[in-house]
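This is what each chain is made of:
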Amino acid sequence: MKKMLLISFAVLGLVACTKKKPFESVKSGMNTAKVTELVGEPSQKMPMMIAEWWVYPDDNKMIIMVNDTVSKVVIDLKSVQDSMQSVTGDLKTLEHQLNNQMDSMQIQLKNQLDSLK
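So, a few notes on the structure that sits alongside this text.

Quick look at the packing of aromatic side chains
(1) Moving on: Under the criterion given, the structure shown has 1 aromatic pair.
(2) Moving on: Consider the rings of F23 and Y56, whose centres lie 5.1 Å apart with planes at 80°: the pair is edge-to-face. Taken together, the positions of F23 in the loop between α1 (2-18) and α2 (32-39) and Y56 in strand β2 (residues 51-56) put the pair 33 residues apart, joining distant regions of the chain. When sorted by exposure, F23 lands in the same class as Y56, which is buried.

Dropping the structure here:
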């Protein structure tokens, strides 16, 4: 009987440890203490201008905090990371195009100035 009771407690302990964190309970407007109580401390806190990103990579989640209050819960961190990489690539392409246009404009301006001499 004691052995069975001990095994039951061990199984319950394992189930409790593997239970998913209740991110669906985290709502906009909650304070940091409540978020920490519900889902625990994040693996990483990333300051971003006026916000702080709380990252939970094992759960594929991110919580955006503004003034110690939940602003947004990102339910699919991987898709956000993929989108950011795509945008970064687009921005680099745009930067390259703008630099080429500026170089071309500088050459045209120089030629026009030279023709006025």
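What about the nonpolar core?
(1) Moving on: Ranked by size, the top nonpolar core spans 10 residues in total: F23, V26, M30, V35, V39, W54, Y56, I63, M65 and V70.
(2) Moving on: Those elements giving two or more residues to this core turn out to be α2, β2 and β3 (61-66).
(3) Moving on: Excluding its chain neighbours within four sequence positions, the residues that come into contact with Y56 are K21, F23, V35, V39, G40, E41, P42, K61 and I63.
(4) Moving on: Counting 7 residues, the second-largest nonpolar core is a separate cluster that includes V55, M62, I64 and V74.

A closer look at the environment of P47
(1) Moving on: Tracing the sequence through the fold places P47 in strand β1 (residues 44-48).
(2) Moving on: Accessibility expressed as a relative area gives 64% for P47, which makes it exposed.
(3) Moving on: Expressed as a C-alpha distance, the spacing of P47 and V66, which sit 19 residues apart in the sequence, is 10.0 Å.

Rules used throughout
Residues numbered from 1 in each chain as written. Predicted model: local features only at pLDDT ≥ 70, side-chain atom pairs only at ≥ 80, totals over all residues. Heavy atoms only, no water. Phe/Tyr/Trp six-rings, centres within 6.5 Å; stacked < 30°, edge-to-face > 60°. Helix = DSSP H or I, 4+ residues; strand = E, 2+ residues; numbered from the N terminus. Buried < 20%, exposed > 50% of the residue type's maximum accessible area, 1.4 Å probe, protein only. Core = buried A, V, L, I, M, F, W, Y, C linked by side-chain atoms within 4.5 Å. Contact = heavy atoms within 4.5 Å.

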